[in-house]
Amino acid sequence: MGKIGNFGKTITFEVNSNKIVSPKDIKRSVSARWQAHSLLGKKPKSEFLGPDADETTLTVVLSAEHGIRPRATLDKLENAVASGTVDYLVIGGKIVGKNKVYLESMSEEWNCVWNKGELVKATVELVFKEYT
């Protein structure tokens, strides 16, 4: 029980008696950059240009039932996207990847809205890109 990880001060992933903010469906993509050079009458020649920036996606359920204020948390995440916040993504006490990341995008689904438009539960997918 306790802290699972965080993205700087923007969001803390934790499970305790008061809050549940647990990442799920974590996917990481590591790739390289290649260039294909066309040759007359032959197969293209491949050239390795270098590594590409890593990408990590994860999903988080934000629920008032679990001690979270969904709209306030979504606002903090949206501000991190809009302001270009760069920090370490940490899961299990270890940095994900080798460098800091930025929150490239987020996609939110409002699962439950109560009377007067109170957002009670939302699911958000976060896409982190390596900052180089």
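Quick summary incoming for the structure in this document. The residue numbering used here restarts from 1 in each chain and proceeds along that chain's sequence as written. Thresholds applied to this predicted model are a pLDDT of at least 70 for local features of residues and 80 or more for the giving and counting of side-chain atom pairs; totals over whole chains, interfaces and linings are not thresholded and use all residues. Excluding hydrogens and water, the side-chain values take into account all heavy atoms of the structure.

### Some words on the overall build of the protein chain
Then, in step 1: Helix and strand assignments follow DSSP, with helices taken as H or I runs no shorter than four residues and strands as E runs no shorter than two, numbered in order from the N terminus. Within the protein chain, the regular secondary structure consists of one helix and 12 strands.
Then, in step 2: Starting at the N terminus and walking to the C terminus, you meet the elements of the protein chain as β-β-β-β-β-β-β-α-β-β-β-β-β.
Then, in step 3: Every radius of gyration here is taken over C-alpha atoms, with the globule rule written as 2.2 Å times N^0.38, N being the number of residues. In terms of overall dimensions, the protein chain is more spread out than a globule: its C-alpha atoms have a radius of gyration of 19 Å, far above the 14 Å expected for 132 residues.
Then, in step 4: In terms of principal-axis extent, the alpha carbons of the protein chain reach across some 70 × 35 × 25 Å.
Then, in step 5: Taking all 132 residues of the protein chain together, the buried fraction comes to 31%. Residue exposure (1.4 Å probe, protein chains only): buried if accessible area is under 20% of the type maximum, exposed if over 50%, otherwise partly exposed.

### Here we look at the sheet that holds strand β9 (residues 89-91)
Then, in step 1: Spatial ordering of the open sheet is given by β3-β2-β1-β9-β10, a layout of five strands whose pairing is antiparallel. In this open sheet, the two strands that pair with only one neighbour each are β3 (20-21) and β10 (94-95).
Then, in step 2: Strand pairing is assigned whenever DSSP identifies at least 2 bridges connecting the two strands. Two elements, β9 and β10, share two bridges in a ladder whose sense is antiparallel. Residue pairing across strands places Ile 91 opposite Lys 94, the latter belonging to β10.

### A closer look at the pairing of strand β6 (residues 42-51)
Then, in step 1: With respect to burial, β6 is a largely exposed element, only one of its 10 residues being buried.
Then, in step 2: Where strand β5 (residues 32-39) meets β6, seven bridges bridge the pair, whose relative direction is antiparallel. Within β6, the residue paired with Leu 39 across the bridge is Lys 42.
Then, in step 3: Remark: two residues form the turn of the hairpin made by β5 and β6, two consecutive strands paired antiparallel; Gly 41 in that turn has positive phi of roughly 75°.

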